[in-house]
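# Close look at the chain arrangement
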Amino acid sequence: MLKQIYRIIILLIVFAASLYYFSKDIKEVVFNIDNTTTMDDTTFPLVTLRTEGRIINILHGYSTNLDANSIREALLPMGPNPSYEVLIDQKEYDIKKLNFELRDFVSNNLIEKGSVSVFDDEEEFKTAKINFETDLEKDKEYAVKITLITSESRKMFYYHRVKKQDKTYLTDKLDFVMGFHEAIKDKAKAEEYIRYLEPDSKKDNSTLANVNIHSSFDLITWGSLKPEFITEVIPTVVENYTDVASFVLDYVVSANVSGIPELYKVKEYYRIRYSADRMYLLNYERRMDAFFDIQLASISKSQLKLGITDDPSTPCLASADKKKFAFVRSRELWFYNLENNKIVKVFSFRQENTDYIRDIYGQHDIKLLNMDAEGNIYFMVYGYMNRGHYEGRVALVMYEYVQAEGRIEEKAYIPLDEPYQTLKESIGEFAYVNSLDIFYFHIYNSIYAYDLITGKLVVLADNIEKDDVVTFYDEGYVAWQENSDPKKANSIKIMDVETGDVQTINAGQGYKILLLDKINSNLIYGYVRDENITVMTDGTTVVPMDRIEIATTKREVLKPYSKNGYYITGIEVKNNMIELFLAARENVDGRNVFIGAGSDYIMNQSIEIKPYLNLTTRITEDALTEYYLELPSWFKMNEVPEVSYTVNTVITTDPTLRLPKDMKYAADESGPSVSGVYYTFIHGELEGAYKEASEAIAKANEGVGVVISGSKRIVWERGVKATRNIITYFENIKPSDSRNPIEECIRMLADYAGDSINNERMDLNGMSVIEILDRYLEVEPIRLTGTSLDEALYYVSKGRPVIALTGYNEAVLIYGYDAYNIYIMDPSQGKTVKLGLQDGAELFEKAGNMFISYLSQ
């Protein structure tokens, strides 16, 4: 027994001694703010393509495996030879294998795949040859995904389009474009291209930021500026048809302004037409933007120089005492403390050892969320990540800038699976971090609240489009319509973004309520009776409101508006005035029809809000018009501000936040094109996303662009409509005059499209034309209401007839046109009719320009 006691005592002594000894070397594991790092430089290879002996299309690598048809940037035109070369600038990697996939651009279905593991070495490139065995359909676009695999088995993805043509004339077109580009560097050499220009005395010739075919010869040839080209100029093919083609040149130049070198990002856009005799320059545009450089600040005037720019808008946030502010310029975030005249570059992908290609790739943006009194900032970066830990990924990353410690800390990383071009159209304006560490954001038609402490994600609302949310950051509120479908909009929610408390404005029995807009710090919303929400024959939904109200975020109604016998179908806020669009109701054959009845106006008390930073311009001989930001009047800059740079906090917890998959897919649901989304691409970039095809087409027509549907089908293209086309199928068909003219037009279009619709399946009292076509046709119908006749004839040019409504129960089918006439099937007359273009345009415009057709398979 005694031995046992001794043994226990000895063990306790040994344990105590060991604990004392080892405790001296045990370090407490705590978060150390000194555990920071700088962002890694870019590493991904660059890829270009070679065809017909010409190098085109710089492709950037993704580590996010996107759908091949989701990126619509570069096109490779292919002639009879179904092969081309891939040139790989490996950079820091050793590429061992290349895989490729050929996919249908609409469905993304895999058509062919292959691999290359034997490369040729050519100066700094590794080259691989891709040869398609598939017999590509002429003039049809396909998507190609190229996967590079490194010696360490890392995969990087590159995307482009291909289109086969009998003759591309690509070499001739490129010769002209590059010849023009080189010639305008020298005014003497440029003389031979004067005949291609269309100078217009009305064009503003006081800026180099926006130069086009109508600018003066002096401006097109760079004025007095003598740019030095920093990067190699490799053309990107945006569109190519047999005769017409579009190209983009992206590059960086340096130029001396008043003896000081400045850097500029330049983008040239060419649209040309090839003919055997000569080339035609249809459009030329050059946009120029200065890189922001704090060293160029104007000390004497206390101004920050923006320089030559086509877009001087500069998002900024100021602290409550107005002595600190943050701003975004050239896709960089800066923080300026005016009290000590110190400025911090908070976030930028641009690196010190830059190649001016990969690190400044402009497929991302920065959004300021909020800033506290000490200057701590919440902000988010979304889109393509140019470098760092997430290089090549597409994501939304939310950061906190800790001002006192000069560091940024990643708070949430949201991986996404679509490119920046469409992602930016899916992100709403509302984004905020409150004092309780709740991160609010609006994406894919859903509003989320993410607790940064617990990691809990809550969906506050879904089926909420961007236009149905209004923010009041100064007052601390956000408001949204319960559902973007007016038939389901039973309430409006008003949330205090600090407390999370929600107030509700209910529609009331038999009504729906629509959030229309805001004016100053007040809401504008309207009430509509359930029975008055009307779907027109073409599928357009009309929402005639009985009354509207202007109310505070506390739900106090400041002003109601109604007008006896009239309805409000929409509003537009202009400064301190609200324009209301009125309509009167008529009953036509048992259907409610609302006829436009002019406008009325509500004047609101004008509140002058002075901007924190004011824009001003100066004109110099070298640079012409340059922009500056005026700092607050009380501040005097005695010297260029002292510059510092942030470091990244090394975090030990995973900040990844994955959104529910069904939310993304729900936002992508197009259904019939009547409720889909239409993307307008101009100069190879996405200009915007629109709910109505007519809006997207109008933008494309103005900007010489292309419209793509949410289903990836081509909706409309500027400048490719034939001068005449007649669909001969209809020349030997006689329309029946015994049916309703609209039903007969539906039947004829369906028969031509290969689907029969009998009268029993048509119920125009219960369904619109677009709904009938969507239900019974294999093809995708599209409502073109609001387009002009000329724009609608694009469809006839492509061999697809167009239903044109001429009255409440009247319609014709357009099946042909030439330089002077359109050819229509008129069921009311039971025959084909030739109608003058002008007469036709007036007839359809009087009926509201209601056109319906379908998209190609």
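Let us look at the structure shown here. (Residues numbered from 1 in each chain as written. Predicted model: local features only at pLDDT ≥ 70, side-chain atom pairs only at ≥ 80, totals over all residues. Heavy atoms only, no water.)

### A few points about unusual backbone geometry
Most of the time, phi is negative for any residue but glycine, and the peptide bond is trans. Applied cut-off: A run of DSSP states H or I qualifies as a helix once it reaches four residues; a run of E qualifies as a strand once it reaches two. Both are numbered from the N-terminal end.
A positive phi angle, close to 55 degrees, is found at Ser 258, a residue other than glycine. For Ser 258, the location among the structural elements is in the loop between strand E15 (244-257) and strand E16 (260-274).

### Brief notes about the pairing of strand E54 (residues 802-805)
Applicable threshold: Buried residues are those whose accessible area, probed at 1.4 Å on protein chains only, stays under 20% of the maximum for their type, while exposed residues exceed 50% and partly exposed ones sit between those limits. At least two DSSP bridges between two strands are needed for those strands to be called paired.
Every second residue of E54 is oriented toward a common face, with Val 802 and Ala 804 on one face and Ile 803 and Leu 805 on the other, all of them buried. Between E54 and strand E55 (residues 811-817), which follow one another and run antiparallel, lie 5 residues. Here E54 runs beside strand E58 (residues 851-855); their pairing, made up of 2 bridges, is antiparallel. Looking at the pairing, Ala 804 lines up with Phe 851 of E58.

### Some remarks on the sheet that holds strand E11 (residues 155-164)
Defined as follows: Axis definition: a line fitted to C-alpha atoms, limited for helices to the stretch in contact. Angles are taken between N-to-C directions and run from 0 to 180 degrees.
With respect to topology, 5 strands assemble into an open sheet ordered E4-E11-E10-E6-E7, the strand pairing being mixed. Whereas interior strands pair on both sides, the edge strands pair on one side only; in this sheet they are strand E4 (75-78) and strand E7 (110-116). Strand-to-strand twist of the sheet, defined as the mean angle between neighbouring strand axes without regard to direction, takes the value 25 degrees. Sheet topology places strand E6 (residues 95-104) next to strand E10 (residues 141-150); 9 bridges connect them, and they run antiparallel. Within the sheet, the bridge partner assigned to Phe 100 lies in E10 and is Ile 146.

### Looking at the pairing of strand E27 (residues 427-433)
Counted residue by residue, E27 has 6 buried out of 7 residues, so it is predominantly covered. Hairpin connection from E27 to strand E28 (residues 438-443): 4 residues lie between these consecutive antiparallel strands, with Asp 437 at a positive phi of about 65 degrees.

### What about the environment of Glu 285?
What counts, and what does not: Residue contacts follow a heavy-atom distance rule, with two residues in contact if any of their heavy atoms lie within 4.5 Å. Residues adjacent in sequence count toward polar contacts only when both atoms are side-chain atoms; beyond that, a polar contact is any pair of N or O atoms within 3.5 Å, and within protein one must be able to donate a hydrogen and the other to accept it.
Counting through the fold element by element, Glu 285 comes out in strand E17 (residues 279-290). We classify Glu 285 as buried; its relative accessible area is 14%. Between the C-alpha atom of Glu 285 and that of Tyr 269, which follows or precedes it by 16 residues, the distance is 5.1 Å. When near neighbours in sequence (up to four residues on either side) are disregarded, Glu 285 contacts Val 211, Asn 212, Lys 267, Glu 268, Tyr 269 and His 683. Side chain to side chain, Glu 285 and Arg 287 meet in a polar contact 2.9 Å long.

### A look at the sheet that holds strand E5 (residues 83-89)
Spatially, the 5 strands line up as an open sheet ordered E3-E2-E5-E9-E8, and their pairing is antiparallel. Both edges of this open sheet fall to strand E3 (54-60) and strand E8 (120-122), since each of them pairs with a single strand only. Each strand of the sheet is rotated relative to its neighbour by a mean of 30 degrees, with strand direction disregarded. Summarising the sheet, strand E2 (residues 46-51) and E5 pair through 5 bridges and their orientation is antiparallel. In the strand pairing of E5, Leu 49 is matched with Val 86. Contacting E2 and E3, helix H2 (residues 170-183) crosses the sheet at an angle of about 80 degrees to E3.

### A word on the pattern of salt bridges
Between side chains of opposite charge, pairing is possible as soon as their charged atoms come close. The following threshold applies: One speaks of a salt bridge when a side-chain nitrogen belonging to Lys or Arg is within 4 Å of a carboxyl oxygen belonging to Asp or Glu.
Following the criterion strictly, the structure yields 48 salt bridges and no others. In this structure, Glu 101 engages Lys 145 in a salt bridge whose closest nitrogen and oxygen atoms are separated by 3.7 Å. Within this pair, whereas Glu 101 is found in strand E6, its partner Lys 145 is found in strand E10, the two being separated by 44 residues in sequence. The salt bridge involving Glu 409 is made with Lys 411; its shortest N-O contact spans 3.6 Å. The structure contains a network of salt bridges with shared partners spanning Glu 400, Glu 405, Arg 407, Glu 409 and Lys 411.

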